[in-house]
Amino acid sequence: MFSSMNQILKYLLSYSSREPLTVDNIALHLNMHKDIVLKTLNKLSNYCQVDELGRVVIADDKKVELVLLGVKNGLPMDQASILLTWHDFETFIMRVLDYNDFLTVTNLRINMRGKRREIDIIGCRNELILCIDAKHWMKTPTRSVLTKMVEAQKERVTLLSENLRLLYSTHILPRRDHFILIPLVVTLFGRQVTFINNVPIIPCITLNNFLLNYDFYLENIWKKEVVIDNLLQYFK
C-alpha cells in the first residue's frame, strides 16, 4: 500500500484539471485527513508551496525535481512524468546552466548549405559552447536510436561552428578568438553519464555534476574548435 507521501506525489504529478490544485481536493480525492495532507506537503516544501487560500503551487523549475522524487519513491516513470512538459524540462536544464554561470539561448535555427537545423539549448561560458539536445523521453531508447540522435547533434554542431555569427547575434557569445563547441544529449531519466561515439548522454540529475567536472571529460569528448583570425572582421 502506498504511503501518504507516495499517494500525494502520484496525485500531484498526474493532476491535469484546469481548476486550481488545493489541499481540500487532494484530501477529498485521496480520502485522507486534511492535516495529513498539509503535513506531507510541508515535507515537499522544496518543490511546492501552499498559499493562504490553500492552493498548492508547483514552480515550473521544480517540476523535474518533483518527477525524479516520485520515481525515487517508487512511482513508475510513465506515471511520474505526466505533469512534465518539454518546456518544464528545458527550464530545468537552463536553470542548471545558469547556476554554473552559462548564458543560454533556446531553439537556435541554422540554415546552411541547404540544410535547416535547430539546437534545443545552447550554453556559453568563456570559450565553451554547449549544444544540448534535450530529450524528454518516458522510456530509454535503443542504442541505435541514440546513435542516430548523436550523429544528428554532431551535424548541428558542425553547421554552427561554420557560422558562429548566428550565435553572436543572440548576445550570449563573448568576443574571443577561440571557441570549443561540444554536443550533449540530456535525458530525463538515468543515473550516470554514458558516451556514444564520444558524445555524452547525461541524465538531468547528473548535469550539474558534469558541468562542475567537465574538464575531466573534455579530452574524450567529440568537439569542434573554432579559431578566429580576425576578430573585428568576423564579428562586424
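Not measured: the values here are computed from a predicted model. (Residues numbered from 1 in each chain as written. Predicted model: local features only at pLDDT ≥ 70, side-chain atom pairs only at ≥ 80, totals over all residues. Heavy atoms only, no water.)

Engineer: Hey, could you go over the pairing of strand β5 (residues 128–135) for me, with residue numbers and the actual values?
Structural biologist: Counting buried positions over the 8 residues of β5 gives 8, a clear majority of the element. Neither face of β5 is open: one carries Leu 128, Leu 130, Ile 132 and Ala 134, the other Ile 129, Cys 131, Asp 133 and Lys 135, and all of them are buried. Pairing analysis gives 5 bridges linking strand β4 (residues 115–125) to β5, with the strands arranged antiparallel. Across the sheet, Cys 124 pairs through a bridge with Ile 129, a residue of β5. The pairing of β5 with strand β6 (residues 178–187) spans 8 bridges and is classified as parallel. If you follow Leu 130 over to β6, its bridge partner there is Ile 182. (Buried < 20%, exposed > 50% of the residue type's maximum accessible area, 1.4 Å probe, protein only. Helix = DSSP H or I, 4+ residues; strand = E, 2+ residues; numbered from the N terminus. Pairing = 2+ DSSP bridges.)

Engineer: Provide a residue-level description of the environment of Leu 30, including the pertinent values.
Structural biologist: By the element assignment, Leu 30 lies in helix α2 (residues 23–30). Spatially, the C-alpha atoms of Leu 30 and Lys 223 are 51 Å apart, while their sequence positions differ by 193 residues. Here Leu 30 is in contact with Gln 7, Ile 8 and Tyr 11, once residues within four sequence places are set aside. (Contact = heavy atoms within 4.5 Å.)

Engineer: With reference to specific residues and values, describe the side chain of Asn 6.
Structural biologist: Structurally, Asn 6 is set in helix α1 (residues 4–14). Overall, the relative accessible area of 9% leaves Asn 6 in the buried class. Setting aside residues no more than four positions away along its own chain, Asn 6 makes contact with Asn 73 and Leu 75.

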